[in-house]
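A look at the structure
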Amino acid sequence: MRFPLRFPSGPPVTFKARLHDARTATVLGRLLGLAFAVCFTTGVLSHFFQHPPVWLADRLPSRPYWGYRFTQGLHVVSGIAAIPLLLAKLWAVYPRLFAWPPFRSVRQALERAAVAVLVAAGVFELFSGLLNTFQWYPWPFSFVPVHFALAWLLIGALMLHVAVKWPQIHAHWTRRSPGTLVLPEAAGPDRRTLLAAVAAGVGAVTLTTAGQSVSALGRLDLFAPRDPAAGPQGLPVNRTADAARVTEASLRDWRLTVAGPRPYTLGLDELRALPQHEVTLPIACVEGWSRNARWTGVRVRDLLERAGGGPDARARVVSLEAAGAYRVMEMGRHYAQDPLTLLALRLNGEELSLDHGYPARIIAPDRPGVLQTKWVGRLEVA
Ligand code: HEM
Ligand SMILES: Nc1nc2c(c(=O)[nH]1)N[C@H]1C(S)=C(S)[C@@H](COP(=O)(O)O)O[C@H]1N2
Ligand SMILES: [Mo]
C-alpha cells in the first residue's frame, strides 16, 4: 500500500518502504492488541482483588490458591512482552503518524486523536508499569490510580482504533491479503525477517524476566527486579521490619488480641499450643514476583470461631506497624473461612524471622502479597 504524504512545503511524497504497510501493521497490531487485552483484564482483576467494592468483598474466591499468582504474573509478563511489540508497531506505522495535513475531515481528526491517546497511554502504561516493578517512582503522582485510569483510556482508544481500522484489519488479516507489495522483494528485510526479529525480542525479554513468577524459568531470570529464590528463609522480603519500624523490643510483650462477641488474647506460647496446620502457599507480590513457601500456624477460622464468629464470619486484621498502607487488612468470607488461611508462626520449617512478620503473619490463598499482613497484633470478627 502506498502512503501519500504531503509535507508542509513541497510535493506529495509516496512512502514506499515495504514494511510500513497495512499487513505488517495488522500482524503486529493483533499481537499488541492481545497483549494489551491481557494486561487490561489481569490489571482490572488485580484492582478488584486488592480493593473490592462492598458487594464483591464476600464473593471473591479463595481458590484456586494460585489464582492471583497466575493473573498478576501474567500481567507483568504480557506487559513486558508488549514493550518490543509496541516499538515494532510504532516503527511500522510511523510514516502515518506524521502524515500531512494532519486531517482532512472531522472523522479523520477524531480517528487521529484516538490514535494519539492510544500511543500516549500505551507508552505511559508500559513505562510506568515497568518502573513500578523496580519500585522506582520518578514522578510526583501516585502510580496505582494513574495506571488504573489510563488503562481504561487506553482500552477505550484501542476499541475505537480497531473499529475505525476494521476494513483494513479485515482485508489484511490473512497472508493472502492484496496490495501490500510496493517495492521489489530485494528492498530491505522482508516481513518474515521483521517478525522473526520481533519474536526474538519478545522471547528474549520474556524469558529473562518471567522467572520471577514462573519457577521453571527461574534459572533464566537475569533481568527481573527480583530473584524470588533469594531472601531470608528462602523468600524475598518486600518491606523489612526496619522499614516498618517494628523492633524486637516492641514485640517483647506481644499478645494477639482477637475481637468479637467473645474477645480474648493469646500469647505466643498459647498460639503454639493450639492445633497447627501446614500449608504450601505463594506470596504473590503485586509487583509481579511470586514464590511458594511452606507455612505453619493456626487456622484463622478457628481463631474467629473461638471469638464467637459464625461460619460466615469475615475478618479484619491489624498489624503492629505504626503507619503504612498495609497496616489494616480486610478479608472476605471465603478467605477467612478457607482452611488454608493461617495465622502463620513458621516459614519453611523455621520460626518466622522478624522481616517475614514475626511473631505472626497472615497467609491466605489466591490473594495479592500486599494483603498477606505481617506482624499481626489484632484479629477482629467483622
Ligand atoms: C497496556 C498495558 C497495561 C495495562 C492496561 C495495565 C493495567 C493495569 C491495571 C488496571 C492495574 C490495576 C491498578 C489498580 O490496582 O487500581 C495494573 C496494576 C499493575 N500493573 Fe499494569 N497495566 C499495563 C501494563 C503494565 C506493565 C508493562 C507492567 C510492568 C512491566 C505493569 C505492572 C503493573 C503492576 C506492578 C501493577 C500493580 C500495582 C499495585 O497494585 O501496586 N503494568 N495494571
Ligand atoms: N504489615 C505489613 N505487612 C505486609 C507488608 C507491609 O508493608 N506491612 N508488605 C506486604 C507485601 S507488599 C508483600 S509482597 C508481602 C511479602 O511478604 P514477605 O516479605 O514475607 O515475603 O508482605 C506483605 N505484608
Ligand atoms: Mo508486594
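Residues numbered from 1 in each chain as written. Chains lettered and ligands numbered in written order. Predicted model: local features only at pLDDT ≥ 70, side-chain atom pairs only at ≥ 80, totals over all residues. Heavy atoms only, no water.

Turning our attention to a nonpolar patch on the surface. A contiguous nonpolar patch, built from Y65, W66, F70 and L74 and spanning about 390 Å² of accessible area, is present on the exposed surface. Topologically, W66 is positioned in the loop between α2 (54-57) and α3 (67-97). Residue class for W66 comes out partly exposed when judged on its relative accessible area of 43%. (Patch = residues over 30% accessible without salt bridge, like charges linked within 9 Å, V, L, I, M, F, W, Y side chains within 5 Å. Areas by Shrake-Rupley, 256 points an atom, 1.4 Å probe, with all protein chains shown as cover. Salt bridge = Lys/Arg side-chain N within 4 Å of Asp/Glu carboxyl O. Helix = DSSP H or I, 4+ residues; strand = E, 2+ residues; numbered from the N terminus. Buried < 20%, exposed > 50% of the residue type's maximum accessible area, 1.4 Å probe, protein only.)

If you check the shell around ligand 1, you find 25 residues, and the closest are G43, H47, Q50, H75 and H147. Here an oxygen atom of ligand 1 and a side-chain polar atom of H47 are 2.5 Å apart. Within the side chain of Q50, a nitrogen or oxygen atom sits 2.9 Å from an oxygen atom of ligand 1. Mapped by element, the contributors of at least two residues to the shell around ligand 1 are α1 (22-50), α3, α4 (106-133) and α5 (143-164). Here the shell around ligand 1 gets 7 residues from one element, more than from any other, and that element is α1. When grouped by side-chain class, the residues that make up the shell around ligand 1 number 13 nonpolar, 10 polar and 2 charged. (Near = heavy atom within 4 Å. Polar contact = N/O pair within 3.5 Å; in protein donor to acceptor, adjacent residues only side chain to side chain. Nonpolar A, V, L, I, M, F, W, Y, C, P; charged D, E, K, R; others polar.)

Lining the immediate surroundings of ligand 2 are 19 residues, of which P236, E321, H356, R361 and K374 lie closest. A distance of 3.1 Å separates a nitrogen atom of ligand 2 from a polar side-chain atom of S319. Between a nitrogen atom of ligand 2 and a side-chain N or O atom of E321, the distance comes to 2.8 Å. A breakdown of the residues in the shell around ligand 2 according to their chemical character gives 9 nonpolar, 6 polar and 4 charged.

Within the secondary structure layout, T174 lies in the loop between α6 (166-171) and α7 (191-207). Residues T174 and T26 lie 148 residues apart in sequence; the distance between their C-alpha atoms is 9.4 Å.

On to the nonpolar core. One finds L256, L271, W295, L303, M331, L343 and I362 to be the most contacted residues of the largest nonpolar core, which totals 52 residues. With 5 residues, strand β9 (residues 342-347) is the largest single contributor of residues to this core. No fewer than three residues from each of domain 1 (3-220) and domain 2 (233-381) sit in this core. Excluding residues within four positions of it along the chain, L303 makes contact with L256, V258, Y264, L266, L271, L274, V298, L343 and L379. Counting 24 residues, the second largest nonpolar core, distinct from the first, contains L85, A121, L126 and V198. (Core = buried A, V, L, I, M, F, W, Y, C linked by side-chain atoms within 4.5 Å. Domains from an automatic or database assignment. Contact = heavy atoms within 4.5 Å.)

Relative to the helices and strands, H356 resides in the loop between β10 (350-351) and β11 (361-363). Not counting residues within four places of it along the chain, the set of residues in contact with H356 comprises P232, Q233, L235, P236, V237, L347, R361 and K374.

Bound to the iron atom of ligand 1 are the protein donor atoms H75 (NE2) and H147 (NE2), situated 2.0 Å from the metal. In this structure, the iron atom of ligand 1 is surrounded by 6 donor atoms whose angles at the metal cover 85 to 180 degrees, and the resulting shape is octahedral. With H75 in helix α3 and H147 in helix α5, the pair connects residues that are 72 residues apart, well separated along the chain. Residue classification places H75 among the buried residues on the basis of a relative accessible area of 14%. (Donors = N, O, S within 2.8 Å, 3.2 Å for Na, K, Ca; no water. Tetrahedral: all angles 85-135°; square planar, octahedral: opposite > 155°, others 65-115°.)

Glancing now at the pairing of strand β8 (residues 328-331). Because side chains alternate across β8, one face comprises the buried residues M329 and M331, and the other comprises V328 and E330, none of which is buried. Of the strand pairs in this sheet, strand β7 (residues 315-319) and β8 are connected by 4 bridges, and their pairing is antiparallel. Residue pairing across strands places R316 opposite E330, the latter belonging to β8. (Pairing = 2+ DSSP bridges.)

Let us now look at the pairing of β7. Most of β7 sits out of view: 4 of its 5 residues are buried. Of the pairings in the sheet, the one linking β7 to strand β12 (residues 376-381) comprises 5 bridges and is antiparallel in character. Among the inter-strand pairings, R316 is bridged to a residue of β12, identified as E380.

For the chain, the assigned domains are domain 1 (3-220) and domain 2 (233-381). One C-alpha centre belongs to domain 1, the other to domain 2, and the line joining them spans 39 Å. At the junction of the two partners, domain 1 supplies 23 residues and domain 2 supplies 27 residues. Contact between domain 1 and domain 2 buries roughly 2100 Å² in total, counting both sides, with carbon and sulfur atoms accounting for 48%. When the buried surface of domain 1 facing domain 2 is broken down by residue, D58, Y65 and R69 rank first, second and third, together holding 30% of it. Joining domain 1 to domain 2, the criterion identifies 2 salt bridges. Between D58 and R314 there is a salt bridge, and its shortest N-O distance comes to 3.0 Å. Joining domain 1 to domain 2, the criterion identifies 14 residue pairs in polar contact (both at pLDDT 80 or more). Going through the elements one at a time, α1, α3 and α4 are the ones with two or more residues in the side of domain 1 that touches domain 2. In terms of residue count, α3 provides more of the side of domain 1 that touches domain 2 than any other element does, 6 residues in total. Of the residues in the side of domain 1 that touches domain 2, the class split is 9 nonpolar, 10 polar and 4 charged. (Buried area = accessible area lost by both parts, 1.4 Å probe.)

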